Amino acid sequence: MDNQLLVSLTEKYGSPLYVYDTEKISSQYNRIINSFATVKSLKINYAVKANSNLSILKFFKKLKSGIDTVSIQEVLLGLKAGFDPSSIIFTPNGVSLKEIEEVSKLGVQINIDNISILEQFGHLYPSVPVCVRINPHIMAGGNRKISVGHIDSKFGISIYQVPLIKRIVQNTGMRINGVHMHTGSDILDIDVFLAATEILFNAAKEFENLDFIDFGSGFKVPYTEGDISTNIEELGEKLSERFNEFCKEYGKELTLMFEPGKFLVSESGQFLAHVNVVKQTTSTVFASIDSGFNHLIRPMFYDSYHQIDNISNAEGRERYYSVVGYICETDTFASNRRISEIREGDVLRFKNAGAYCFSMASNYNSRFRPAEVLVYNGGDYLVRTQENFEDLIKNQILIDFND
Ligand SMILES: *Cc1c(COP(=O)(O)O)cnc(C)c1O
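Residues numbered from 1 in each chain as written. Predicted model: local features only at pLDDT ≥ 70, side-chain atom pairs only at ≥ 80, totals over all residues. Heavy atoms only, no water.

(A) Just the overall build of the protein, in detail. When helices and strands are counted, the protein shows 12 helices and 18 strands. What you see for the protein is a C-alpha radius of gyration of 23 Å, in line with the 22 Å of a compact globule of 403 residues. Over its C-alpha atoms, taken along the principal directions, the protein stretches across nearly 70 × 65 × 40 Å. Taken across its 403 residues, the protein has 54% of its residues classed as buried. Considering only residue pairs separated by 6 or more positions, the protein has 67% of its internal contacts joining residues 24 or more positions apart. Mean positive and mean negative side-chain charge positions of the protein (40 and 49 charges, respectively) differ by 2 Å. (Helix = DSSP H or I, 4+ residues; strand = E, 2+ residues; numbered from the N terminus. Rg over C-alpha atoms; globule rule 2.2 N^0.38 Å. Buried < 20%, exposed > 50% of the residue type's maximum accessible area, 1.4 Å probe, protein only. Contact = heavy atoms within 4.5 Å. Lys, Arg positive; Asp, Glu negative; His and termini not counted. Charge placed at Lys NZ, Arg CZ, Asp CG, Glu CD.)

Written out as structure tokens, the structure is:
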């Protein structure tokens, strides 16, 4: 999107501001669809936790995507956005049996990731088919914090426990209708991912009545010019062929599922903030913006990189800055970053702000969470207003100490 337009959006809707481009969302969605064109039955379930704005969800519905949810509240958001329960899959970790029962009663596909709940659920509802989340013990990504397939990960049922799953199925009479894996974010190497899919295919052979195999996500997006990203076209070519071959062996046309979050929305989003103060210290030039980790925590939480551009002075001479927030904690977005000359009042644009940015925002320092704008068909639409003081205090109960 054009710099001038982005600056004008901050004038129209206030600052800081999240802006999402639906065109980027649909092009990423279609990249996956096209990469797996030879698979007869393909279902993409967008991972709601990446960005749970209702209008974004509704846009995914328009694209004919399903959704992947991790809490009953995300399921309710999906229903509110118009999804049919049959287009929703529930893939939680460590939630109560009660929550799983409630979601199941809504008609949503359940994905169970531990033996204890599988056994209890199977005894109570043997006629409800469930999917099992398998941990193939493969680390697809580099960052341990966002890799969930390794040996001491809390996610999934170990691949070595497939015999135990089978015993539970036999004892309860329940049906396993899907097998699932999610090895975590940032697939750096397609061959490692394909090795994990082989492990899942092997597990799939152990269950007779499957309807689908869900390969999760972890597709990496580029954060800088020339950064590595998952080559979805290559993955599509290799995995489609292997999947079709597996279906033949298995004797049934299964549905291939994915549940990407970041891949679908990360690059669609931009975060815009104003520079409040430019401050020189003995060693650094700080640019302090009207935001902090209350609005965008990824750089502080897992060292993620967001490209930052000064869109008010794009042609200015480049200098080195530390971009920091206004929170009374260390909240460094970027250190020693080359950015075109920053003046107080300029608008900085953060890229890759569509996934795990607003959805992780908080009210720390009693700040309001920002507004969100969706750009669709050349128009801009406010899809969430900035919070106000009433929002901050609405659940608080002020007690009277004059007893
Ligand atoms: C978070 C999550 C995803 C999405 O991961 P991305 O890296 O955003 O694509 C998919 N599946 C499950 C089970 C998740 O928890």
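(B) Representation of the environment of serine 366 within the structure. Along the chain, serine 366 falls in the loop between strand S16 (347–350) and strand S17 (371–376). With relative accessibility at 52%, the residue serine 366 sits in the exposed group. Once the C-alpha coordinates of serine 366 and glutamine 28 are considered, the two residues, 338 residues apart in sequence, prove to be 36 Å apart.

(C) Spotlight on a positive patch on the surface. Judged by side-chain charge, Lys58, Lys61, Lys62 and Lys64 come together as a positively charged surface patch. Assignment of secondary structure puts lysine 61 in helix H3 (residues 54–62). Under the relative-accessibility criterion, lysine 61 is labelled partly exposed at 38%. (Patch = residues over 30% accessible without salt bridge, like charges linked within 9 Å, V, L, I, M, F, W, Y side chains within 5 Å. Areas by Shrake-Rupley, 256 points an atom, 1.4 Å probe, with all protein chains shown as cover. Salt bridge = Lys/Arg side-chain N within 4 Å of Asp/Glu carboxyl O.)

(D) Highlighting the nonpolar core. If you look at the biggest cluster of nonpolar residues, it comprises 100 residues, and the most contacted ones within it are Ile213, Phe215 and Phe258. Ranked by residue count, the leading element in this core is helix H8 (residues 190–204), at 8 residues. In this structure, this core is formed jointly by two domains, domain 1 (22–261) and domain 2 (266–393), each of which donates at least three residues. Listed in part, the 12 residues of the second largest apolar core include Val7, Tyr13, Val19 and Val373. (Core = buried A, V, L, I, M, F, W, Y, C linked by side-chain atoms within 4.5 Å. Domains from an automatic or database assignment.)

(E) Main features of H8. Here H8 contains 15 residues, and its C-alpha end-to-end distance of 20 Å stays within 8% of the 21 Å for a straight helix at 1.5 Å per residue. Regarding H8, the residues found buried are Ile190, Phe193, Leu194, Ala196, Thr197, Leu200, Phe201, Ala203 and Ala204. On an axial view of H8, the arc spanned by its buried residues comes to 160°, and they lie on one face. Summarising the contacts, the buried residues of H8 are in contact with strand S6 (130–135), helix H7 (162–172), strand S8 (176–180), strand S9 (212–214), helix H9 (232–250) and strand S10 (255–258). (Expected span 1.5 Å × (residues − 1). Arc of directions from axis to C-beta.)

(F) Spatial organisation of the environment of isoleucine 44. Along the chain, isoleucine 44 turns up in strand S2 (residues 42–47). Looking at isoleucine 44, the relative accessible area reads 1%, which means it is buried. Taking the C-alpha atoms as reference, isoleucine 44 lies 22 Å from lysine 248; in sequence the two are 204 residues apart. The residues touching isoleucine 44, leaving out its near neighbours within four places in the chain, are Tyr29, Ile32, Ile33, Ser65, Gly66, Phe258, Pro260 and Leu264.

(G) Quick look at the side chain of aspartate 214. When you line up the elements, aspartate 214 lands in strand S9. A distance of 2.9 Å separates a polar side-chain atom of aspartate 214 from the backbone nitrogen of glycine 216. For aspartate 214, the residues in contact, after removing those within four places along its chain, are Ile89, Val179, His180, Met181, Leu200, Met257, Phe258 and Glu259. (Polar contact = N/O pair within 3.5 Å; in protein donor to acceptor, adjacent residues only side chain to side chain.)

(H) A look at the packing of helix H2 (residues 22–35) against H3. It is at 11 Å that the axes of H2 and H3 come closest, and there the two elements cross at 40°. Regarding the angle of H2 to H3, the classification is oblique. The way H2 lies across H3 gives a crossing that is right-handed. Here Thr22, Ile25 and Ser26 of H2 lie close against H3, whose contacting residues are Ile56, Phe59 and Phe60. (Axes fitted to C-alpha atoms, helices over the stretch in contact; angles between N-to-C directions. Parallel < 35°, antiparallel > 145°, perpendicular 65-115°, else oblique. Left-handed = near helix turned anticlockwise from the far one by under 90°.)

(I) Main features of the pairing of strand S11 (residues 269–280). Here strand S1 (residues 17–21) runs beside S11; their pairing, made up of 4 bridges, is antiparallel. Bridging across to S11, tyrosine 20 finds its partner in glycine 269. Two strands pair when backbone bridges link them, and S11 and S16 are joined in this way by 4 bridges, in the antiparallel orientation. Across the sheet, the residue bridging to leucine 272 is arginine 349, located in S16. For S11 and strand S12 (residues 285–289), the ladder comprises 5 bridges, and the chain directions are antiparallel. Bridge pairing in S12 links valine 278 to alanine 287. Once S11 ends, the chain turns through 4 residues before running back antiparallel as S12. (Pairing = 2+ DSSP bridges.)

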